[in-house]
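Chain residues, written in single-letter form:
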There are 2 protein chains.
Amino acid sequence: MKRPTIADIAREAGVSKGAVSYALNGQPGVSEETRRRILAIADRLGFRANSAARALAGAHAKVVGLALPRPPATLGVEPFFMELISGLEAELSTRSYALLLQMVPHEAEEIDFYRRWWSESRVGGVLVCDLRVHDERVRALRELGLPAVAIGPPSAAGGLASIWSDDDVSMVEAVEYLAALGHRRIARVGGISELAHTALRTKAFDEVCARLGLSARTVPTDYSAEDGARATRLLLGAPDRPTALIYDNDIMAIAGLTTAQELGLSVPADLSIVAWDDSPICHLLHPPLTALTRDIGAYGVHAARLLLSAMDGAPAGDVHGEPAHLTPRGSTAPPMVEM
Amino acid sequence: MKRPTIADIAREAGVSKGAVSYALNGQPGVSEETRRRILAIADRLGFRANSAARALAGAHAKVVGLALPRPPATLGVEPFFMELISGLEAELSTRSYALLLQMVPHEAEEIDFYRRWWSESRVGGVLVCDLRVHDERVRALRELGLPAVAIGPPSAAGGLASIWSDDDVSMVEAVEYLAALGHRRIARVGGISELAHTALRTKAFDEVCARLGLSARTVPTDYSAEDGARATRLLLGAPDRPTALIYDNDIMAIAGLTTAQELGLSVPADLSIVAWDDSPICHLLHPPLTALTRDIGAYGVHAARLLLSAMDGAPAGDVHGEPAHLTPRGSTAPPMVEM
DNA sequence: TACCATCGGTTAACCGTTGAAGCTCAGGAG
DNA sequence: CTCCTGAGCTTCAACGGTTAACCGATGGTA
């Protein structure tokens, strides 16, 4: 009836609790034969280690933490995080790790949670999202000694293991594609400018535009649909309005499409639109959005693997994910000749 | 340096560990004066109970579990869950409870997780989503004795505490609104028919249509955009095509809008569309979608409260949430007279 | 033969909290 | 004066693992 403990296994196998522990954890100290016998009994009894006892005894709990520094309201909208979490889960659950989720208003509280989780040995490691250019959290994690993986560029990860993709490659691909269509005035509705990857994208955008002799302008936003619409109106109201817009997330691109249509512009005839990140909604729109597509779930899988090996004491390695690639759809076309 | 334990507090206060435990947990057995002294010291030392030790000693861990029985791929799309999680978090974090998230392919695995979590005392309670008409999980939870709250109609909750809203009220509101506009042929793109709330909606839809003398037809789907598009094509291809469609989620409504437009139908002139659940994207579309709006975050908050009190041994109570209300937008209008 | 390393285990301490049981002391009843 | 009661603590044994330290047997080496 009650769940079996190592003591039950030990009794059954005629060995001590310690031997069982060694056998189950693949540690030396038991013969191969005894180990097999113990494992067979554990299996037959349906044994599962009690995570509380394990954590108490000093080993890490098989739990990883994820704190999302977003106000709860904006999160519902972001497909990115849900896909990321799906990917994390896919990897974690096969190794029977659990994911502890926490939403926090700001990065300061996030550090509090890390500290707390670690001291209460609630988690064995954590994932950090939305890296800032100079990120307090990275420093705090290092001095806590809490195993962590950053989801973001290594330049901002400050020595933490990180998983990232070459956003600059993708940016170049998008801009060159638009330039090849004949666009000369390309603008960008950027993300939160303090974030490390936004900075990288801005730099890449400026550089490639300069190289191709194009005018480049980035308007920063807070990633919300409202701000995306505002930025779109701002850019399209300028005297030399751009003929193509690149949006730093899909939500803003959708809002931008609607805004442009409200302003009487036809997409793609009057304005081309590229979305960064490709949610299923993008190809349900009218016209379907050309997007920079990447496998966010795969990101999550890699991040989870990286974290698990960091928790095993592996040195911090960076995983270089596949960069986002352009999926041309109906929202991009050559600009109408009107100059 | 190290985190203080109750032993540290006990030493400092000159009492035993037991006394400290009583004092911190508000149990009788210590004098009011000693309790105050102990609490002051605990506060000064920044004491936080070690969750592993607490869980091991039999008290429940301050963690609640949420298993989502969806294949990871479809989840990224559903704004519903993210908003629900936001709401849960909002309430849980103020009481310093954590949320353990697990995605499972099917309900069977979900039961395994409940069993595991409970036996490992990882969680103190769980939330159950997507109730089926006859739900195995409910039975399993009851016999486990694991505190749980169902998010769904009490008729399917089998005695578990539940949080729900009157979907039939909302359905009546939507159909009466369309009927008042002059629609006579209304069809519905429904959700997964095994789910309890889908069944309730179907019943309500059939009843109100019968009462108003309208033709009613529901096509079940798996909630995905693709299936929503398929159902839309099916319904619009029928000889007496409906002049209004009600979709059981926002994703399918978006897909339906696109599908209708591809078929050469103008919305709302040729076809009116109502979406159940109102994500921010709904009013970014062209035309913006008329939707049944409800505060999903508030659902989450209530669910969390209900669960915490169930974990305190409170009897199962049902919370009756505010039903979804119609937000008329551009996707609904009187039907063109063509008969 | 004496010494030592290795293997395969056992033993017991330990992690921090809980709570039952036991102890002490003061006050009231008989 | 003795007995009983109960408040207020202390003591101690779980809870279920992990792990350092120890131990006996075996085998190789000087």
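Residues numbered from 1 in each chain as written. Chains lettered and ligands numbered in written order. Predicted model: local features only at pLDDT ≥ 70, side-chain atom pairs only at ≥ 80, totals over all residues. Heavy atoms only, no water.

## Comments concerning the protein's contact with DNA strand D
Near DNA strand D you find 26 residues, and of these A:Ile6, A:Ser21, B:Ser16, B:Ser31 and B:Thr34 are the closest. Of all DNA strand D atoms lying within 4 Å of any protein atom, the proportion belonging to sugar or phosphate reaches 53%. One of the backbone nitrogen or oxygen atoms of A:Asn50 is found 3.4 Å away from a phosphate oxygen of DNA strand D. Contact distances for DNA strand D include 3.4 Å between a base nitrogen and a backbone N or O atom of A:Ala53. Of all elements in the fold, only helix H2 (17–24) and helix H4 (51–56) of chain A reach the threshold of two or more residues within the surface near DNA strand D. Of the residues forming the surface near DNA strand D, the biggest block, four residues, is contributed by H2(A). Residue classes in the surface near DNA strand D are distributed as 12 nonpolar, 11 polar and three charged. (Near = heavy atom within 4 Å. Polar contact = N/O pair within 3.5 Å; in protein donor to acceptor, adjacent residues only side chain to side chain. Helix = DSSP H or I, 4+ residues; strand = E, 2+ residues; numbered from the N terminus. Nonpolar A, V, L, I, M, F, W, Y, C, P; charged D, E, K, R; others polar.)

## Section: the pairing of strand S5 (residues 161–165) of chain B
Residues and elements named next belong to chain B. Extensive coverage of S5 is indicated by the burial of five of its five residues. Alternating positions in S5 separate into two faces, Ala 161, Ile 163 and Ser 165 on one and Ser 162 and Trp 164 on the other, with burial throughout. Bridge count for strand S4 (residues 148–151) against S5 is three bridges, and the pairing is parallel. From the neighbouring strand, Ala 150 faces S5, where its bridge partner is Ser 162. (Buried < 20%, exposed > 50% of the residue type's maximum accessible area, 1.4 Å probe, protein only. Pairing = 2+ DSSP bridges.)

## Details of the relation of the copies chain B and chain A
Take chain B, turn it by 180°, move it 0.2 Å along the axis, and it overlays chain A with an RMSD of 0.4 Å. Read as a symmetry element, the transformation amounts to a two-fold axis. When the interface residues of chain B are mapped onto chain A, 100% of them again fall at the interface, so both copies present the same face. (Least-squares fit on C-alpha atoms with pLDDT ≥ 70 in both. Contact = heavy atoms within 4.5 Å.)

## Topic: helix H14 (residues 296–311) of chain A
Residues and elements named next belong to chain A. End to end, H14 covers 23 Å across 16 residues, agreeing with the expected 22 Å (1.5 Å per residue, within 8%). Of all 16 residues making up H14, 12 are buried, and the element is well covered by its neighbours. Listed in full, the buried residues belonging to H14 are Ile 296, Gly 297, Tyr 299, Gly 300, Val 301, Ala 303, Ala 304, Leu 306, Leu 307, Leu 308, Ala 310 and Met 311. Buried residues along H14 sit against strand S1 (63–68), helix H6 (79–94), strand S3 (125–128), strand S4 (148–151), strand S5 (161–165) and strand S11 (318–321). The residue sitting at the N-terminus of H14 and contributing the capping side-chain oxygen is Asp 295; that oxygen lies 3.2 Å from the backbone nitrogen of Gly 297. Looking at the residues trailing H14, positive phi occurs at Gly 313, about 90°. (Expected span 1.5 Å × (residues − 1).)

## Some remarks on the sheet that holds strand S7 (residues 215–219) of chain B
Strand pairing within a sheet occurs via backbone hydrogen bonds; the two strands may be parallel or antiparallel. Residues and elements named next belong to chain B. As summarised here, the arrangement of the six strands in space is S7-S6-S8-S9-S10-S12, forming an open sheet in which the pairing is mixed. If you trace the sheet from one side to the other, it starts and ends with S7 and strand S12 (325–327), each paired once. Going across the sheet, the axis of each strand differs from the next one's by a mean of 20°, ignoring polarity. Direction of pairing for strand S10 (residues 290–293) relative to S12: antiparallel, over a ladder of three bridges. Considered in S12, the bridge of Leu 292 is made with Leu 326. Against the sheet, helix H11 (residues 196–212) touches strand S6 (185–189), S7, strand S8 (244–247) and strand S9 (272–276), its axis set at about 165° to S7. Packing against the sheet, helix H12 (residues 225–237) makes contact with S6, S7 and S8, and its axis sits at approximately 155° to S6. (Axes fitted to C-alpha atoms, helices over the stretch in contact; angles between N-to-C directions.)

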